[in-house]
Amino acid sequence: MKEIAKLDDIKKGGFIYFDHHDEKALLIRTAKDELYAYFATCPHEGKTIMWDNLINRILCECHMALFNLEDGSIYRKAKGMVIEKGLRPIEVTVDKTGTVFARD
Ligand code: FES
């Protein structure tokens, strides 16, 4: 388990990036105070994804692919896009002090 953030440092509806196994990763804190984490590399052409709280989806702005929050699956492909795999999830937990950990 690796410490990645303090819950207080992420506002509800927000997200942060962190490093996990030498890759950029995304930690999302939803408006309902749930946490989700994924490797931040888009499975299309490898650009960095982000959280869009307004549409409640994970977004890659490069070709506007959208991914589902709950499991990282593909919600919408951009036209002509060839991707079959969704995002790679990272398991996270929070301890009593509000410290967020990622499982190795
Ligand atoms: S690189 Fe992400 S949609 Fe194309």
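The following paragraphs examine the structure supplied in this document. Because the structure is a prediction, the values reported are computed rather than measured. For every chain, the first residue of the written sequence is number 1, and numbering continues from 1 along that sequence. A pLDDT threshold of at least 70 governs which residues receive local features in this predicted model, and a stricter bar of 80 or more applies before side-chain atom pairs are shown or counted, although totals over entire chains, interfaces and linings include all residues.

## With respect to the sheet that holds strand 1 (residues 2-6)
If you trace the three strands from one edge of the open sheet to the other, you get 1-11-10, paired in antiparallel fashion. Here the strands that pair on one side only, and so sit at the sheet edges, are strand 1 and strand 10 (92-94). Along the sheet, successive strands turn relative to each other by an average axial angle of 30°, direction set aside. A pair of strands counts as paired when DSSP detects no fewer than two bridges linking them. Per the convention used, a helix needs a DSSP run of H or I reaching at least four residues, while a strand needs a run of E reaching at least two, with both numbered from the N terminus. Throughout, an axis means a line fitted to C-alpha atoms (over the contacting stretch in the case of helices), and angles, computed between N-to-C directions, take values from 0 to 180 degrees.

## Focus on the nonpolar core
Nonpolar cores are identified as sets of buried Ala, Val, Leu, Ile, Met, Phe, Trp, Tyr and Cys residues joined via C-beta atoms within 7 Å. Residues with at least 20 other C-beta atoms within 10 Å of their own are called buried, those with 12 or fewer are called exposed, and the rest are partly exposed. The C-beta atoms themselves are positioned from the backbone. A25, L26, L27, A37, Y38 and I49 are the most contacted members of the largest nonpolar core, which has 22 residues in total. Broken down by secondary-structure element, the contributors of at least two residues to this core are strand 3 (23-29), strand 4 (35-39), strand 6 (57-60), strand 7 (65-67) and strand 11 (99-102). Counting residues per element, this core draws most heavily on strand 3, at four residues.

## Description of the pairing of strand 2 (residues 14-20)
Two faces make up the sheet, and in a regular strand the side chains alternate between them. With seven bridges connecting them, strand 2 and strand 3 associate as antiparallel partners. Within the sheet, the bridge partner assigned to G14 lies in strand 3 and is R29.

## Considering the sheet that holds strand 8 (residues 74-76)
In spatial order, the strands read 5-6-7-8; together these four strands make up an open sheet with antiparallel pairing. Lying at the two open borders of the sheet, with one neighbouring strand each, are strand 5 (50-52) and strand 8. On average, each strand axis in the sheet is tilted by 40° relative to the strand beside it, whichever way the strands run. Where strand 6 meets strand 7, three bridges bridge the pair, whose relative direction is antiparallel. Each residue of the ladder has a partner; that of I58, found in strand 7, is F67.

## Digging into unusual backbone geometry
Negative phi values dominate among residues other than glycine, just as trans dominates among peptide bonds. Phi at D22 takes a positive value of approximately 65°, unusual for a residue other than glycine. Along the chain, D22 turns up in the loop between strand 2 and strand 3. The class for D22 is exposed, based on 5 C-beta atoms found within 10 Å. The backbone of D33 sits at a positive phi, close to 70°, despite the residue not being glycine. With 10 C-beta atoms counted inside 10 Å, the residue D33 sits in the exposed group.

Worth remembering: the numbers are spatial, not functional.
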